[in-house]
Amino acid sequence: MSMKVSDHVLERLRDWGVEYVFAYPGDGINGLLAAWGRADDNPRFIQSRHEEMSAFEAVGYAKFSGKVGVCAATSGPGAIHLLNGLYDAKLDHVPVVAIVGQTNRSAMGGSYQQEVDLLSLYKDVASDFCEMVTVPEQLPNVLDRAMRTAMARRSVTAVILPADVQELDYSPPEHAFKMVPSSLGMPQYAPVPSDDDLARAAEVLNAGEKVAILIGQGARGARQEVMAVADRLGAGVAKALLGKDALDDDLPYVTGAIGLLGTRPSYELMENCDTLLVIGSSFPYTQFLPEFGKARAVQIDIDPHMVGLRYPFEVNLVGDARETLTRLLPLLKAHKNKSWRKKIEKDTARWWQVMERRAAVDAEPINPEYVAHSLDALLPDDVILASDSGSAANWYARHLRMRGAMRGSLSGTLATMGPGVPYVIGAKFAHGDRPAIALVGDGAMQMNGMAELITIAKYWKEWEDPRLIVAVLNNQDLNQVTWEMRAMSGAPQFLPSQSIPDVAYADFARSVGLNGLRIEEPGEVKGAWAAALSSDRPCVLDFVTDPAVPPIPPHATLDQIEAAAASVLKGDSDRTAMVRQGFKAKMQELLPVGRHHRTERPHARHTP
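Owing to the predicted nature of the structure, the values given are computational and were not obtained by experimental measurement.

**Student:** Mind showing me how you'd approach the overall build of the protein here?
**Tutor:** Secondary structure summary: the protein contains 24 helices and 18 strands in total. Counting only residues that meet the buried cut, the protein has 58% of its 608 residues in that class. Across the protein, every contact between residues at least 6 apart in sequence was considered, and the portion connecting residues at least 24 apart equals 76%.

Below, the structure is given as structure tokens:
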């Protein structure tokens with residue numbers, strides 16, 4: 001039997017080392033589906049409940065494996081459904097290749113069923129490389145370039161395959177005019193800055209008395225080098241959320257997350273420093289960085305297109321973080337003034353005490369901060385964590401401390417709802433021998449997490465370690481937006497948009513063969529985490545939490561707290577009445593360090 005184009009596509013993916021394709025079927029990729037049958041399901045076709053989830057699973061797989069994530073969908077609606085997950089990958093700089101079907105070439109331009117101009121639709125999300133295959137000889141070049149570009153630029157690429165082209169006999173490009181042969185493989189490379197640029201950067205850093213370091217996901221492979229530079233400069237280290245697992249949180253000078261979901265010591269680190277070193281991060285919120293003119297700044301990033309953003313950097317170094325820091329370190333002088341580092345360590349230690357106190361505040365019925373804080377000490381050394389967007393991301397950012405081999409991520413830049421559960425599914429295919437935990441709000445769980453429990457039920461028995469925990473913070477409120485309305489707009493909760501139904505998440509999990517527990521009292525929280533971590537199968541924990549516990553920004557002022565309290569008191573619904581009693585006192589008790597300050601910089605209006 002001759003090899004068809006669809007057979008060659010799967011063969012080439014195998015040659016690239018692709019083990020899984022996260023996908024959903026449809027007649028626009030029937031040729032590929034038939035080829036999968038002939039290939040004994042190699043690479044594995046991992047079936048989600050929705051194409052958007054396929055894309056998120058590919059993103060999760062790529063984030064936690066370091067490999068390219070591959071997803072596939074049919075023409076028209078299937079290709080459209082992929083987009084949100086693909087934009088999540090694009091904005092977080094994650095290598096993902098999308099393979100999408102298209103109507104037959106003979107029908108194009110005829111307003112045919114499910115005909116969508118995919119080249120135009122994907123022009124932005126796959127701006128680095130998007131091509132439609134119209135003749136067999138375009139392969140393998142198109143697929144090779146899609147894979148190589150996704151890896152090299154840490155971006156989304158797309159290959160569009162018309163249905164009739166999938167069924168054609170494959171013929172390789174010839175040694176002829178206007179034929180484009182191709183080859184496999186992505187060479188390893190680690191660019192470094194010039195010696196002159198390194199010397200300029202060292203001059204800036206050596207002149208600083210109060211050095212702050214901000215790291216992102218680009219510093220993940222440079223853990224030891226970041227520690228060495230921080231020690232040499234006596235610096236504190238704050239972390240963008242995508243870099244949460246790039247450095248251990250139990251280091252006394254690591255101040256934790258930065259930004260609207262960040263910590264008070266990170267905020268103060270940036271307020272008081274005179275020198276800033278940013279490594280592998282494109283953290284977007286300028287208002288959380290030092291005031292312009294107050295600090296000299298150096299940036300290190302592997303992507304020349306991403307340097308010079310966010311802050312008026314004096315020196316921009318383009319290079320691999322590990323190699324660049326290795327070359328920079330011998331040029332740095334040891335700082336003799338220890339007072340700056342001591343202050344950072346004192347502030348950070350105090351912050352963790354504040355977090356413990358905030359987690360211990362009584363709530364009705366359970367304080368969501370207590371849910372996350374209780375998990376922190378129980379985290380397995382090799383756990384993989386994912387947070388969904390919303391107030392759950394606050395507790396993930398502030399209460400869970402990364403240590404050693406732990407990994408964690410979330411939708412950092414798009415901040416879309418819904419990736420928490422599919423991220424950990426992708427993680428389990430990347431590391432089936434490691435436990436995984438998703439911390440999600442009930443809004444995200446209702447949006448798509450419940451359906452993906454079916455996907456978990458379909459595949460979990462294949463994983464060496466069966467532990468996958470979905471922890472739902474069930475407060476019957478779209479909580480982050482509720483608090484943004486109160487704290488930023490001074491508006492009361494708008495119930496028609498914010499209130500959502502109570503759903504029996506644990507019961508649903510048990511109905512599809514998983515474990516499930518509903519937790520309604522604070523005394524049940526630690527036992528529930530322990531039970532899930534010792535479970536012989538995936539488990540859903542339905543924590544009934546208090547919607548009145550606010551995700552307070554790290555720089556919140558008493559004026560803002562009072563405004564938020566007043567906005568609640570304007571309400572006249574049963575739900576508002578439920579949280580009214582003692583609300584203002586609770587808000588003040590939960591206020592971070594510096595509660596009495598009334599004049600600080602305004603905070604961001606958007607969730608990172």
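From this point on, the discussion continues.
**Student:** Mind showing me how you'd approach the sheet that holds strand β4 (residues 96-102) here?
**Tutor:** Backbone-to-backbone hydrogen bonds pair the strands of a sheet. The strands run either parallel or antiparallel. In spatial order, the strands read β2-β1-β3-β4-β6-β5; together these six strands make up an open sheet with parallel pairing. Every other strand in the sheet has two partners, leaving β2 (44-47) and β5 (129-132) as the edge strands with one partner each. Averaged over all pairs of adjacent strands, the angle between strand axes in this sheet comes to 20°, irrespective of strand direction. Pairing of β5 with strand β6 (residues 156-162) involves four bridges; the strand directions are parallel. Its bridge partner being in β6, Met-132 is matched across the sheet by Ile-160. The sheet contacts of helix α2 (residues 30-38) involve β1 (20-23), β2, β4 and β6, and relative to β2 the element is tilted by about 125°.

**Student:** Please clarify how the sheet that holds strand β11 (residues 296-301) should be interpreted in this entry.
**Tutor:** In space, the six strands of this open sheet follow the order β9-β8-β7-β10-β11-β12, with parallel pairing throughout. Of all strands in the sheet, those bounded by a partner on one side alone are β9 (254-257) and β12 (315-318). Strand-to-strand twist across the sheet, computed as the mean angle between neighbouring axes with direction ignored, equals 15°. Relative to strand β8 (residues 236-239), strand β7 (residues 211-215) runs parallel, the two sharing four bridges. If you follow Ala-212 over to β8, its bridge partner there is Gly-236. Contacts between helix α13 (residues 339-360) and the sheet are confined to β7, β8 and β9, with β9 contributing the most and set at about 50° to the helix.

**Student:** Even after reading the chapter, I still don't get the side chain of Asp-303, so can you show me in this structure?
**Tutor:** With respect to the helices, strands and loops of the structure, Asp-303 is situated in the loop between β11 and β12. A distance of 2.9 Å separates a polar atom in the side chain of Asp-303 from the backbone nitrogen of His-305.

**Student:** Is there a simple way to explain the nonpolar core in this structure?
**Tutor:** Nonpolar side chains in soluble globular proteins tend to end up buried together. Of all hydrophobic cores here, the largest spans 56 residues; its most connected members are Leu-86, Tyr-122, Ile-456 and Val-470. Per-element tally for this core: the top contributor is helix α3 (residues 51-65), with eight residues. If we ignore the near neighbours within four places in the chain, the residues touching Val-470 are Val-421, Ala-438, Val-440, Met-445, Leu-453, Ile-456, Cys-539, Val-540 and Leu-541. By size, the runner-up hydrophobic cluster in this structure holds 35 residues, among which are Val-371, Ala-372, Leu-439 and Val-549.

**Student:** Can you help me understand unusual backbone geometry in this one?
**Tutor:** With the exception of glycine, the majority of residues adopt a negative phi angle, and the majority of peptide bonds are in the trans configuration. Put simply, Asn-42 and Pro-43 share a cis peptide bond, and its omega is 0°. Turning to its location among the elements, Pro-43 is positioned in the loop between α2 and β2. Cis geometry is found at the peptide bond from Leu-139 to Pro-140, where omega equals 5°. With respect to the helices, strands and loops of the structure, Pro-140 is situated in the loop between β5 and α7 (141-153). The phi torsion at Arg-154 lies on the positive side, around 50°, for a residue other than glycine. Relative to the helices and strands, Arg-154 is located in the loop between α7 and β6. Unlike most non-glycine residues, Lys-178 shows phi in positive territory, near 60°. Checked against the element boundaries, Lys-178 lands in the loop between α8 (163-166) and α9 (195-207).

What counts, and at which threshold
- Residues numbered from 1 in each chain as written.
- Predicted model: local features only at pLDDT ≥ 70, side-chain atom pairs only at ≥ 80, totals over all residues.
- Heavy atoms only, no water.
- Helix = DSSP H or I, 4+ residues; strand = E, 2+ residues; numbered from the N terminus.
- Buried < 20%, exposed > 50% of the residue type's maximum accessible area, 1.4 Å probe, protein only.
- Contact = heavy atoms within 4.5 Å.
- Pairing = 2+ DSSP bridges.
- Axes fitted to C-alpha atoms, helices over the stretch in contact; angles between N-to-C directions.
- Polar contact = N/O pair within 3.5 Å; in protein donor to acceptor, adjacent residues only side chain to side chain.
- Core = buried A, V, L, I, M, F, W, Y, C linked by side-chain atoms within 4.5 Å.

It is worth stressing that arrangement in space is one thing and function is another; only the former is reported here.
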